[in-house]
Amino acid sequence: MERRELRKKLHLSGMDSRAAELAKQRGLGFEITEFCWAPRLEQPDAMALVRRQIEGVRHLWLHAPFAELIPCAIDPLVRRITAQRYRQTIAVARQMGIRRIVIHDGFVPFVYFPEWFVEQSVRFWRDFLPEVPQDMTIALENVMDDGPDMLAAIMEGVNDPRLGVCLDVGHANTTVSKTPPLDWIAPLSPW
């Protein structure tokens, strides 16, 4: 991959207050994290703040809220509120002209059996994706996964071009992951 192509795929996380400025200086993408806390989706000042941050940045991702939002939740009410928050995220992204959203996959070790997690995730995304605009991509991000297999199985089970993968190498390099970060790439590369 040429350096120019790689630069388009690298995005700095907005968790650091200097990230947007650095992304502009280096010609990198930027991941908007202002809405990771769901109530910010409903606060008008958040949109104004983000618009100032992203001025001059060409490649953008919007990180969806994640705390207590789990697509494969056991409780159907939690799944419903998760879908509602994702709808709000899509609306914010549309208002800002952003077509790419990162969403945590929701796997929690010792709570969900991997097979059940995959089955329920596939069900959630098959039901939800018809609400996602055709020109938008949602990328499921690994967080507490021990390897790439569950994400790959979800992608295969859903099989929709609007659903992709975000490999967070920081998350893949934690004590939860039993798979070295470089070994995640091949199994997830089709998506």
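Numbering of residues begins from 1 in every chain and follows the order in which that chain's sequence is written. Local features in this predicted model are restricted to residues of pLDDT 70 or higher, and side-chain atom pairs are both shown and tallied only at a pLDDT of 80 or more, whereas totals for entire chains, interfaces and linings draw on every residue. Processing note: side-chain calculations cover all non-hydrogen atoms of the structure and skip hydrogens and water entirely.

Peer 1: Would you take a moment to explain the side chain of glutamate 141 for this structure?
Peer 2: A helix here means a DSSP run of H or I that spans at least four residues, while a strand means a run of E at least two residues long, and both kinds are numbered starting from the N terminus. Tracing the backbone shows glutamate 141 in strand E5 (residues 137-141). Buried residues are those whose accessible area, probed at 1.4 Å on protein chains only, stays under 20% of the maximum for their type, while exposed residues exceed 50% and partly exposed ones sit between those limits. For the purpose of charge, His is not counted, nor are the chain termini; Lys and Arg are scored as positive and Asp and Glu as negative. The working definition used for a salt bridge is a side-chain nitrogen of Lys or Arg within 4 Å of a carboxyl oxygen of Asp or Glu. Here glutamate 141 is buried and forms no salt bridge, its nearest opposite-charge partner arginine 100 lying at an N-O distance of 13 Å. A polar atom in the side chain of glutamate 141 sits 3.3 Å from the side chain of histidine 171. For glutamate 141, the contacting residues outside a window of four places in its chain are His63, Val102, Ile103, His104, Asp105, Cys166, Asp168 and His171. Polar contacts, as used here, are pairs of N or O atoms within 3.5 Å; protein pairs need one atom able to donate a hydrogen and one able to accept it. Residues neighboring in sequence count only if both atoms are side-chain atoms. Between two residues, a contact is recorded if the distance between any of their heavy atoms is within 4.5 Å.

Peer 1: Explanation requested: the sheet that holds strand E2 (residues 29-32) in the structure shown.
Peer 2: The strands making up a sheet are joined through hydrogen bonds of the backbone, oriented either antiparallel or parallel. Here a strand pair is declared whenever DSSP counts at least two bridges between the two strands. Spatially, 6 strands are ordered E1-E2-E3-E4-E5-E6 in an open sheet, and the strand pairing comes out parallel. In this open sheet, the two strands that pair with only one neighbour each are strand E1 (11-13) and strand E6 (163-166). Ignoring which end each strand starts from, the neighbouring axes of this sheet average 30 degrees apart. Pairing analysis gives 5 bridges linking strand E4 (residues 100-104) to E5, with the strands arranged parallel. Residue pairing in the sheet places histidine 104 in a bridge with glutamate 141 of E5. Helix axes are fitted only over the stretch in contact, all axes being lines through C-alpha atoms; the angle between N-to-C directions runs from 0 to 180 degrees. Against the sheet, helix H6 (residues 149-158) engages E5 and E6, with an angle of about 170 degrees to E6.

Peer 1: Explanation requested: the pattern of salt bridges in the structure shown.
Peer 2: Side-chain pairing between opposite charges can occur once the charged atoms of the two side chains come close. Scanning all chains against the criterion turns up 9 salt bridges. Between arginine 87 and glutamate 131 there is a salt bridge; the shortest N-O distance is 2.5 Å. One end of the pair, arginine 87, is in helix H4 (residues 76-96); the other, glutamate 131, is in the loop between helix H5 (114-128) and E5, and 44 residues separate them in sequence. Classification of glutamate 131 as partly exposed rests on a relative accessible area of 39%. Put simply, aspartate 135 and arginine 94 hold a salt bridge, and the shortest N to O gap is 2.8 Å. With aspartate 135 in the loop between H5 and E5 and arginine 94 in helix H4, this pair connects stretches of sequence that are 41 residues apart. The class for aspartate 135 is partly exposed, based on a relative accessible area of 40%.

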